[in-house]
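Observations on the three-dimensional arrangement
What follows is each chain in one-letter form.
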Amino acid sequence: MSDVSNPGPAEVCSADPASAARLEPLPGRASDLMGLPIRRLLPTRGRRLIGPWCFLDGLGPLSFHSGKPMDVAPHPHIGLQTVSWLLAGEILHRDSTGATGVGRPGLLNLMTSGRGIAHSEETPSDPTTHDLHGVQLWVALPDASRHVAPGFEQREPLVIVEEREARARLVMGEAAGKRSPATTFSPLCAIDLELPARGRLVLPLEPGFEHALLPLAGDVHVGDAALAVDTLYDLGTSRRELCVQAGERAGRALLIGGAPFGERLVMWWNFVARDADEIETAREQWQRGERFGAVAGYPGERLPAPEMLARPQPR
Ligand code: MN
């Protein structure tokens, strides 16, 4: 996998001839998560899903001097997995299965809601760093698996491609003939790309997947295009490989992908379901304190569900 036979200067990558491959920035928007400024990149106008990935927020980069930039009180989820991947900082997770864990750079925090879970996420009260930078994503669970038991796990990524000082690490799913031990329910990948200044990587891709690339820091180029940080680029399908390069500065990016999901979803608040009745039921059960269990140890009240102003529609 490592191109030691050709240690010359980085060459420009050839264009991918596949007609369904593209490189299209998707419109993101600034939002906030309990006071923490975030960038909502999925769902977005014209694009609901990349494979099973149905939600993507960029957090930071930011520095803080006191308090908790992240402080999300206990709230419920159904029908999804939450994926937290940090470049800097820490997030303390607690959930209603009794699991706790601190997410930090290089360690995936993965929660499977299955039929129902509640969790809180906060900056630890004794943080070892005063920076925060990362992403949080949701994976929609396919119909056959969406009622599984809830769970939480932490996983270290696997290095799948290394070229000189550039490396690709598989955070979750499958790529380049390797498979992460992180629990998944449909074919997908999440890959962290780290490039030194002027470095490059050629990453083999599954052509049946939809893919998207999120530059997170520095200079990231695909082909001749210099990409904007914190913008999600739709890469389309039918790509057998992706050549990513850094410019004068080092670059960092996250690639997500997966088999086209092929199921219509109804998403509202923190719920992923198939129809509005399921959402209304989950909302009422949360409000009544049923189904989801309690999160022990969080110093505060749980989040009430918002009013449902209109029945959510499938899309
Ligand atoms: Mn959550």
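Scroll up to find the structure this text is about.
Residues numbered from 1 in each chain as written. Predicted model: local features only at pLDDT ≥ 70, side-chain atom pairs only at ≥ 80, totals over all residues. Heavy atoms only, no water.

Quick look at unusual backbone geometry
- With an omega of -10°, the peptide bond running from Leu42 to Pro43 counts as cis.
- With respect to the helices, strands and loops of the structure, Pro43 is situated in the loop between strand E3 (36-42) and strand E4 (53-63).
- With an omega dihedral of 10°, the bond running from Gly60 to Pro61 counts as a cis peptide bond.
- With respect to the element layout, Pro61 can be found in strand E4.
- Of note, the phi angle at Arg198 is positive, near 65°, even though the residue is not glycine.
- Counting through the fold element by element, Arg198 comes out in the loop between strand E16 (188-195) and strand E17 (200-204).
- Of note, the phi angle at Arg291 is positive, near 75°, even though the residue is not glycine.
- Positionally, Arg291 belongs in the segment after helix H1 (276-288).
- For Arg291, a relative accessible area of 41% puts it in the partly exposed group. (Helix = DSSP H or I, 4+ residues; strand = E, 2+ residues; numbered from the N terminus. Buried < 20%, exposed > 50% of the residue type's maximum accessible area, 1.4 Å probe, protein only.)

Notes on the packing of aromatic side chains
- Going through the model one piece at a time under the given rule, you end up with six aromatic pairs.
- Ring centres of Phe55 and Trp138 lie 4.1 Å apart, and the angle between their planes is 15°; this geometry places the pair in the stacked category. A residue pair is termed long-range when its members are at least 10 positions apart, and Phe55 in strand E4 and Trp138 in strand E11 (residues 131-140) qualify at 83 residues. The pair Phe55 / Trp138 is uniform in exposure class, with both members buried.
- Among the aromatic residues, those joined into a cluster by ring pairs are Trp268, Trp269, Phe271, Trp286 and Phe292. (Phe/Tyr/Trp six-rings, centres within 6.5 Å; stacked < 30°, edge-to-face > 60°.)

So, the pairing of E3
- Summarising burial for E3: five of the seven residues are buried, a large majority.
- In terms of strand pairing, strand E2 (residues 29-33) meets E3 through five bridges, oriented antiparallel. Considered in E3, the bridge of Ser31 is made with Ile38.
- Hairpin connection, E2 to E3: the antiparallel pair is bridged by two residues, and Met34 has positive phi, about 50°. (Pairing = 2+ DSSP bridges.)

What about empty space enclosed by the protein?
- Taken as a whole and assessed by the stated rule, the structure comprises two cavities of 30 Å³ or more.
- One number sums up the size of the largest cavity: a volume of about 50 Å³.
- Those elements giving two or more residues to the lining of the largest cavity turn out to be strand E6 (80-88), strand E7 (91-95), strand E9 (108-112) and strand E10 (117-122).
- Taken together, the residues of the lining of the largest cavity break down into three nonpolar, five polar and one charged. (1 Å grid on protein atoms, 1.4 Å probe; cavity = no way out; pocket = protein on both sides within 12 Å on 5 of 7 lines; lining within 4 Å. Points joined across faces, edges and corners; volume = space filled by probe spheres on them. Nonpolar A, V, L, I, M, F, W, Y, C, P; charged D, E, K, R; others polar.)

Observations concerning the layout of surface pockets
- Here the largest pocket is characterised by a volume of approximately 800 Å³.
- What lines the largest pocket is a set of 34 residues, among which Arg40, Phe55, Trp138, Trp269 and Asn270 lie closest to the centre.
- Ranked by residues supplied to the lining of the largest pocket, first place goes to E2 with four residues.
- Across the lining of the largest pocket, the residue classes break down as 16 nonpolar, ten polar and eight charged.

Overview of the sheet that holds strand E12 (residues 151-155)
- With antiparallel pairing, seven strands are arranged side by side in an open sheet as E2-E3-E4-E11-E6-E9-E12. Two strands lie at the open edges of the sheet, namely E2 and E12, each paired on one side alone. Looking at each pair of strands side by side, their axes are set apart by 25° on average, direction ignored.
- Relative to E11, E4 runs antiparallel, the two sharing eight bridges. Along E11, the bridge assignment pairs Gly58 with Val135. (Axes fitted to C-alpha atoms, helices over the stretch in contact; angles between N-to-C directions.)

Comments concerning the environment of Arg249
- Within the secondary structure, Arg249 sits in strand E21 (residues 241-258).
- Along the primary structure Arg249 and Pro196 are separated by 53 residues, whereas in three dimensions their C-alpha atoms are 7.2 Å apart.
- Beyond its immediate chain neighbours, meaning those up to four positions away, Arg249 contacts Ala197, Gly218 and Asp219.
- Among the polar contacts listed, one links the side chain of Arg249 to the side chain of Asp219, at a separation of 2.8 Å. (Contact = heavy atoms within 4.5 Å. Polar contact = N/O pair within 3.5 Å; in protein donor to acceptor, adjacent residues only side chain to side chain.)

Structural notes on the coordination of the manganese ion
- Surrounding the manganese ion are the protein donor atoms His75 (NE2), His77 (NE2) and His119 (NE2), which sit 2.1 to 2.2 Å from the metal.
- In primary sequence terms, the donor set of the manganese ion follows H-x1-H-x41-H. With His75 in strand E5 (residues 71-77) and His119 in strand E10, the pair connects residues that are 44 residues apart, well separated along the chain. (Donors = N, O, S within 2.8 Å, 3.2 Å for Na, K, Ca; no water.)

Some remarks on H1
- The end-to-end C-alpha separation of H1 is 18 Å, in line with the 18 Å expected for 13 residues at 1.5 Å each.
- All buried positions along H1 are accounted for by Ala276, Ile279, Ala282, Arg283, Gln285 and Trp286.
- Residues of H1 that are buried sit in contact with E5, E10, strand E22 (266-268) and strand E23 (271-273).
- Two or three places before Asp277, at the start of H1, stands the capping residue Asp275, its side-chain oxygen 3.1 Å from that residue's backbone nitrogen.
- Immediately beyond the C-terminal end of H1, within one or two residues, lies Gly289, with a positive phi of roughly 75°. (Expected span 1.5 Å × (residues − 1).)

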